[in-house]
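Chain by chain, the residues run as shown.
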Amino acid sequence: MLSWRGFVTATLVALQVVSADQSPGQSTFVSPSNDLAFALTVPDNASSDIYFSLRSHRFNSWAAVGLGSHDMKGALYLFIYPSLRGNNITFSPRLAYDNYEPFYFDKVGWEVLPGSGIDGEYIVFNARCFEHCRSWPAGSSDSGYIDVSSPSQRAIYALGPKEIFHSDNPAANLKYHREYGVFTIDMKRTQGVPDAPVLNSSSRSDGTFLDSSTHAGKDVLNMVHSVFMLFFMVVMFIGYTLARLNISCQSALSARMLSWSPGHRSCLPPLLTCH
């Protein structure tokens, strides 16, 4: 028969297990390619802060997570890419009101936290955002905020081409993404101690759900540029060919005019027309 002491001990252990399972903590997202990781915590106080970490492999020209939307329109984007010298990180918060390259949003207030920098083959950015990270201008979309009590907050991620890109400019032009996807974040479980989440090589998705992921292929702008250049070269070739034909025609006409004489049976020189 179970003694009262054993019963109380078992009950306390069970309560501790339940408490541990439901304890606040970070929500973590890792992309299917493992090239990007993102984690988020929300302080359980009256502040409007959020704490986040972004980790990306250095062979990605840039990496980003968009909060508040499953579409480009209305999301707040958190971009990172290597600094100009490659020994630090450039953080670039951005907005987009349609399906075009997000523009730099300089109203976000943030501070860098310890642990940010170059970690072997990865770049890591830890930050506390204290302004415009829970709400932001969203144009005509119905986004523009995150709900810190939502168990399924909308978000997106994207990765730039696998090539070297270094810049200190937070408004730098960026090439089209090669991979992107949508996911949801359980915000309720992130509420707790105001501290940065932790990301490392063993991090796995937890408290997030991947809805879809797509490899975008080649840079669309580069493709448009190539098509335009090809069209321009064809037009130039046609123009050059027509110009050469016109010069040849004019030379032939001059030669026929010089060879004509009043004694020629015809009253007029042979008709030649050049266009």
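What counts as what
Residue positions are counted from 1 within each chain, in the order its sequence is given. In keeping with the predicted nature of the model, local features appear solely for residues at pLDDT of at least 70, side-chain atom pairs appear and are counted solely at 80 or more, and the whole-chain, interface and lining totals rest on all residues. To obtain the side-chain values, all non-hydrogen atoms of the structure were included, while hydrogens and water were left out. Per residue, pLDDT captures the predictor's confidence, and it can take any value from 0 to 100. A run of DSSP states H or I qualifies as a helix once it reaches four residues; a run of E qualifies as a strand once it reaches two. Both are numbered from the N-terminal end. Any pair of residues with heavy atoms lying within 4.5 Å of one another is described as a contacting pair. Disulfide: a pair of cysteine sulfur atoms within 2.5 Å of each other. Note on exposure labels: buried denotes an accessible area under 20% of the residue type's maximum, exposed denotes more than 50%, and partly exposed covers the range between, all computed with a 1.4 Å probe on protein chains only. The nonpolar core is taken to be a set of buried Ala, Val, Leu, Ile, Met, Phe, Trp, Tyr and Cys residues, with the residues joined through side-chain atoms within 4.5 Å. Only Phe, Tyr and Trp rings are paired, with Trp represented by its six-membered ring, and only when their centres lie within 6.5 Å; those with planes under 30 degrees apart are stacked, over 60 edge-to-face, the remainder tilted. Two thresholds decide whether a charge sits over a ring: the Lys NZ or Arg CZ must be within 6 Å of the ring centre and within 35 degrees of the ring normal. One speaks of a salt bridge when a side-chain nitrogen belonging to Lys or Arg is within 4 Å of a carboxyl oxygen belonging to Asp or Glu.

A. How the structure looks around the confidence of the model for the protein. Residues at a pLDDT of 70 or more form 69% of the protein, whose mean pLDDT is 80. No element of the protein has a lower mean pLDDT than helix α1 (residues 4–22), which averages 41, and none a higher one than strand β4 (residues 63–67), which averages 98. Ignoring residues within four places in sequence, the model shows residues 1–23, a span with pLDDT below 50, making two contacts including any to other chains. Ignoring residues within four places in sequence, the model shows residues 219–229, a span with pLDDT below 50, making five contacts including any to other chains.

B. The arrangement of the state of the cysteines in detail. Scanning all chains against the criterion turns up one disulfide. A sulfur-sulfur separation of 1.9 Å characterises the disulfide bridge that pairs C129 with C133. Between C129 and C133, the S-S dihedral sits near 90 degrees, and the bridge is therefore right-handed. Grouping residues by exposure puts C129 and C133 together as buried.

C. Main features of the nonpolar core. L36, F38, F52 and L67 are the most contacted members of the largest nonpolar core, which totals 33 residues. Of all elements in the fold, only β2 (36–43), β3 (50–57), β4, β5 (76–82), β6 (89–95), β10 (122–131), β11 (153–159) and β12 (179–185) reach the threshold of two or more residues within this core. With twelve residues, the next largest nonpolar core counts A64, I156, A158 and L174 among its residues.

D. Quick look at the packing of aromatic side chains. Scanning the model with the defined rule gives twelve aromatic pairs in all. A network of ring pairs unites the aromatic residues F38, F52, F91, W110 and F125 as a single cluster. Here R55 stacks its cationic end above the ring of Y122, 3.8 Å away from the centre of that ring. The ring of F79 has R94 lying over it, and the distance from NZ or CZ to the ring centre is 5.2 Å.

E. Structural detail: the pattern of salt bridges. In total, this model carries seven salt bridges according to the counting rule given. We note a salt bridge from K175 to E163, for which the minimum N-O separation is 3.2 Å. Of this pair, K175 sits in the loop between β11 and β12 while E163 sits in the loop between β11 and β12, and the two are twelve residues apart along the sequence. Relative accessible area serves as the criterion here: at 36%, K175 is assigned to the partly exposed category. Under the relative-accessibility criterion, E163 is labelled partly exposed at 32%. R178 is the partner of E179 in a salt bridge, and the nearest nitrogen-oxygen pair spans 3.6 Å. Like E179, the residue R178 is buried in the burial classification.

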